[in-house]
Structure formats: structure tokens, C-alpha cells
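A closer look at the structure
Read off the chains here:
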Amino acid sequence: MKERILQPINRPLQGTIEVPGDKSISHRSIMFGSIAQGTTTVDHFLDSEDCMRTINIFRAMGVTIEQQGSSITIHGKGSQSLTEPVEPLYFGNSGTTARLMLGILAGLPMFTTLYGDISLTKRPMNRVVDPLRLMGASIAGRSQGNYLPLAVDGRRLKSIYYHLPVKSAQVKSAVLLAGLFAEGITTVTEISPTRNHTESMLRAFGVELNKNGSDISIHGKQALTATDIYVPGDISSAAFFLVAAAIVPDSQLKLLHVGLNETRTGIMDVLLAMGADLRIEEEQVKGGERIGNIIIRYQELTATTIEGEMVPRLIDEIPIIALLATQAEGTTVIKDAAELRVKETDRIRAVTETLTKLGASVEETEDGLIIHGKTQLHGNRVQSYHDHRMAMMASIASLVATSEIAIDDISPIATSYPRFYDDLNQIVQ
Ligand SMILES: O=C(O)C1=C[C@@H](OP(=O)(O)O)[C@@H](O)[C@H](O)C1
Ligand SMILES: C=C(OP(=O)(O)O)C(=O)O
């Protein structure tokens, strides 16, 4: 437990921040580089706890991965040369690592056991285990395989046509990755588009995937060829500073090289709908992903509604968007977001409790939140709930609170943004 007390600030935020590499893309670069043939380099990798879990798992399966900060070199020898790990694989707090790795491990000829921290151990795995079992996977574990610890007895898989019952890129990715090791063509159908990093990065590794409407298909038994990856800045990390500038009067911030993939930019659409002063400069495509610098200036905001296909495009940003809504005039409604209940914590409950403690007017609904703004926030003691995004949201709230906010444990922030307070301190000077 690492407590942190944040004092109110009474001045505008100014400056430029280069946010760290995208977490989703960083995980996938290690996974795909490790099962590819040849040497993959990764530039601007996210050097965080969650991404280190992914590196350590492949090291435990015999892959040589060199790391110097955010530069990575992976010496891949193809999936068939991975070796059976001697010890249980530890996934820490990382849902993405656990769910995508289940898809990979199910089809490899080895036995593995998987466990995680207290938060990950409560997150449902049946969303991945069920389709994998339909493909012939052998997975055993707590609550019929719904919760870690799990044991995977890897074997030959068969292809599947699968309607994804949840809007989840992790489930989509796990099925596609298992499909890569299966006989025949595996197809997934999405209810709503979710982040597409698995599809685009597999293509960069030479894998053929077909997209037809909401169907995505992959032929099994394709080999991956090493490539060089550039990881854009993580828009989910940038979101904390976008909101900070949007709510602290007279602020202006520039965020460099932020990933602007359409499946991730919901936060920008919400800010614009609320009247924020935001623009993109030096937009370009780098390593197959759209990136750009985002410039944001303080502007008075009005409420909005967030629902439907918008939700997967900003799912991880909802805690910080809820804080944003407390500073906007009117009632903001967030719905269709029941997935928030199965993140690092139940984020609908945690956001309601935290913002209420800070003086906001928030109603919890089954699948979202109703927030009445604008409210003056005050200080209090709050929890992080083992959730990096809750700890960062409470930290940003301190910028507009009238008295100090004490957060019980900020250590979860290291899972996605180890330099968060360095960047925050730089713009409050
Ligand atoms: O595929 C990914 O990299 C992720 C997908 C999302 O989870 P779901 O697939 O559960 O929505 C997101 O919340 C998570 O932070 C990262
Ligand atoms: C939900 C998140 O990550 P994961 O599912 O990988 O734990 C997140 O980063 O907000």
C-alpha cells in the first residue's frame, strides 16, 4: 500500500507531455513477436507492470527478449519452439495478458497453469474459456474455469464460427489467436466494433485476415514473420491530461504522438461534444497506426450522453469522463457500459462512491452513471480499489478540489503509467 496526499492547486496547467506507449499495442507486440519467426524490434514500448507480465511469460517459455527501457528486441523462433514453463505463469493485474494468452496457450502442445493478483482473480474468464472449449480446448479451474487460477492442457484445436456475446476486444482477440493454431477458418462476429489492434498487428506480421461486415476470419496454421513495431502514445493515458486541461481554468496542454486509431478516440468525440477546445496537429500514419499531437485549452463544458457504439471506443476512459462530467453544466448520462463492472474493480460502483465522497452528484445505474454538474468538489479520503484508473482519476480530481485528497494506495498506477506523477508534476509547476 502506498498512500498519496494531493494538495489543491490554484493555477492553470501548462506544458507538453509525451504520454507512454499504448498498453494494448505493447502487449500484442510481445505476444506476436514471440510466436513469430525472426527478430522483432519494438520502439516506444510501454515499460509498465502489466506489460512486464507479458514479457516474463514468454521468457518463461524460452523466448529471448531484451529490454532497454522502451526499446525491445524479441528473438522469435516460431510458436512451435516455445517450451513448456516449469512454474505457474503469473499475470498480476493484467486482464489483457490473461485473456489473450488463454487463446494462445489453448492451442500449444504444453501444460500451463495461470494465476493473478487479488483483482484479476475476481474477473470472469468464462467469456474466453467458453469459446475456447467449443474449439476443443482443455481448461480447468475455479468455478468451472471462470476464475483464475486456471490450468490449460494445450492441444489441437478446431475452427469455430463465433458470435461474440460481449463487446470485448480481449475475447475477440483470444478466439482469433486460438484460430491461428486451429485447423480451418475461424470467424468471429462483433455486436459492436471494439479496438482492432490484434487484427492490424497480425497483418503487420504477415497474417492474412478477412473482414466482411462485422465478421472477421482467420485461416489456421499461418506463420508470423518478424517485423518492427512502433507503439503510439496511449490515448487512455493521455485521457487523464486531456480532462485535466479541460477542467482547470486557463489551462493549455499539448500531448505528443498520441495514437488516434478510430476504435479508441471516443474520448475526443466526447470532449468535442461537451464543447472542449481541442485540435490535432502533425497527424500522420506511423507503423500502421494514425498518430498526432493533441492540443487542448480550457473551455466551459456542457453535459452529453454516451451510449451504444461509442462505449467500446472509450471503455477505459469512463472513470475520468465521469470526473469531467462533474465539471460540465447539466446532466451527463452514460449507459450501455455494464462491462465496467468486470474491470480491475466494479468501476460503476467505485466511480459513484469516489465522486460522491468528493461532493459530486452521481447516480449509479445498472449499466452506467448519471452525473449532475457542475459541482464544486472538495477533498476527502478515497480508495484506489486495486485499480490504476481509479487512482489516476482521483489524482486529477485533486486539481479542482477545494481541499486535499488522500488516496489509500497509488501503487496500481504502475500497471499502466509508472511516470504518471512525474508528468503531472511537470504541468502543475
Ligand atoms: O484488448 C485490449 O487490449 C483491451 C480491451 C478492453 O477490454 P475488454 O476486451 O474486456 O473490453 C480494455 O478494457 C482493456 O484495457 C484492453
Ligand atoms: C481494463 C484494463 O486493463 P486489463 O483488462 O488489461 O486489466 C484497463 O487498463 O483499464
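Residues numbered from 1 in each chain as written. Chains lettered and ligands numbered in written order. Predicted model: local features only at pLDDT ≥ 70, side-chain atom pairs only at ≥ 80, totals over all residues.

1. Side note on the UniProt feature "active site" (unreviewed entry) in the protein chain
The test is simple: UniProt positions are given in the numbering used here, feature names are shortened, and annotations may be inferred rather than shown by experiment. Only DSSP runs of H or I covering at least 4 residues are called helices, and only runs of E covering at least 2 are called strands; the numbering of each starts at the N terminus. Our exposure labels follow a C-beta count within 10 Å of each residue's own C-beta, placed from the backbone: buried means 20 or more other C-beta atoms, exposed means 12 or fewer, and partly exposed covers the counts in between. Whether two residues are in contact depends on their C-beta atoms, placed from the backbone: they are in contact if these lie within 7 Å.
Here the UniProt feature "active site" (unreviewed entry) sits at Asp316. In this structure, Asp316 sits in the loop between strand S18 (305-306) and helix H10 (318-326). The class of Asp316 is buried, set by 25 C-beta atoms lying within 10 Å. Discounting residues that sit within four places of it in the chain, Asp316 has contacts with Ser236 and Arg389.

2. Some remarks on the sheet that holds strand S6 (residues 89-90)
Condition: Two strands pair under a simple rule: DSSP has to find at least two bridges between them.
Strand order across the open sheet formed by four strands is S6-S7-S9-S8, with mixed pairing between neighbours. Whereas interior strands pair on both sides, the edge strands pair on one side only; in this sheet they are S6 and strand S8 (139-141). Relative to strand S9 (residues 147-153), S8 is paired through three bridges, and the arrangement is antiparallel. Bridged to Gly141 within S9 is Leu150.

3. Examining the site of ligand 1
This is how the line gets drawn: To decide whether a residue is near a molecule or strand, its C-beta atom is placed from the backbone and checked for lying within 6 Å of it. Under the grouping applied here, Gly and all other residues not named as nonpolar or charged are polar, the nonpolar ones being Ala, Val, Leu, Ile, Met, Phe, Trp, Tyr, Cys and Pro and the charged ones Asp, Glu, Lys and Arg. Each domain's extent was defined by an automatic or database domain assignment.
Taken together, Ser24, Thr96, Ser168, Ala169, Gln170, Ser173, Arg195, Ile315, Asp316 and Glu339 form the complete shell of residues around ligand 1. Considering each element in turn, the shell around ligand 1 owes the most residues, three residues, to helix H6 (residues 169-181). Residue composition of the shell around ligand 1, by class: two nonpolar, five polar and three charged. Split by domain, the residues of the shell around ligand 1 number at least three in each of domain 1 (4-21 + 232-428) and domain 2 (23-230).

4. Structural notes on the pairing of strand S13 (residues 215-219)
Across the two faces of S13 the burial differs, with Ile216 and Ile218 buried and Asp215, Ser217 and His219 not buried at all. Looking at chain direction, strand S11 (residues 185-189) and S13 are connected through five bridges and run antiparallel. Following the sheet pairing, Thr189 is matched in S13 by Asp215. Sheet topology note: the strand S12 (residues 209-212)/S13 ladder contains four bridges and is antiparallel. Looking at the pairing, Lys211 lines up with Ile216 of S13.

5. Concerning the environment of Leu102
Topologically, Leu102 is positioned in helix H3 (residues 95-105). The spatial distance from the C-alpha of Leu102 to the C-alpha of Val188 is 16 Å, given a sequence separation of 86 residues. Apart from the residues within four sequence positions on either side, Leu102 is in contact with Met125, Val128, Val129, Leu132, Val152 and Ala174.

6. Quick look at helix H2 (residues 49-60)
In an α-helix, one turn spans 3.6 residues; hence positions three or four apart end up facing the same way. Which entries qualify depends on this criterion: The span one expects for a helix is its residue count, reduced by one, times 1.5 Å.
In this model H2 runs 16 Å from its N-terminal to its C-terminal C-alpha over twelve residues, within 8% of the 16 Å that 1.5 Å per residue would give. Every buried residue belonging to H2 is among Asp50, Cys51, Arg53, Thr54, Ile55, Ile57 and Phe58, and all of these are buried. If you follow the buried residues of H2, they end up packed against helix H1 (23-35), strand S4 (64-68), S6 and H3. Just past H2, the residue Gly62 takes up positive phi, approximately 90°.

7. A word on the UniProt feature "binding site: phosphoenolpyruvate" (unreviewed entry) in the protein chain
When the UniProt feature table is mapped onto this chain, "binding site: phosphoenolpyruvate" (unreviewed entry) is found at Lys23, Gly95, Arg123, Gln170, Arg347 and Arg389. Structurally, Arg123 is set in the loop between strand S7 (111-115) and helix H4 (126-134). Leaving out residues up to four positions away in the same chain, Arg123 has contacts with Gly95 and Val342. Mapping Arg347 onto the fold places it in helix H11 (residues 347-357).

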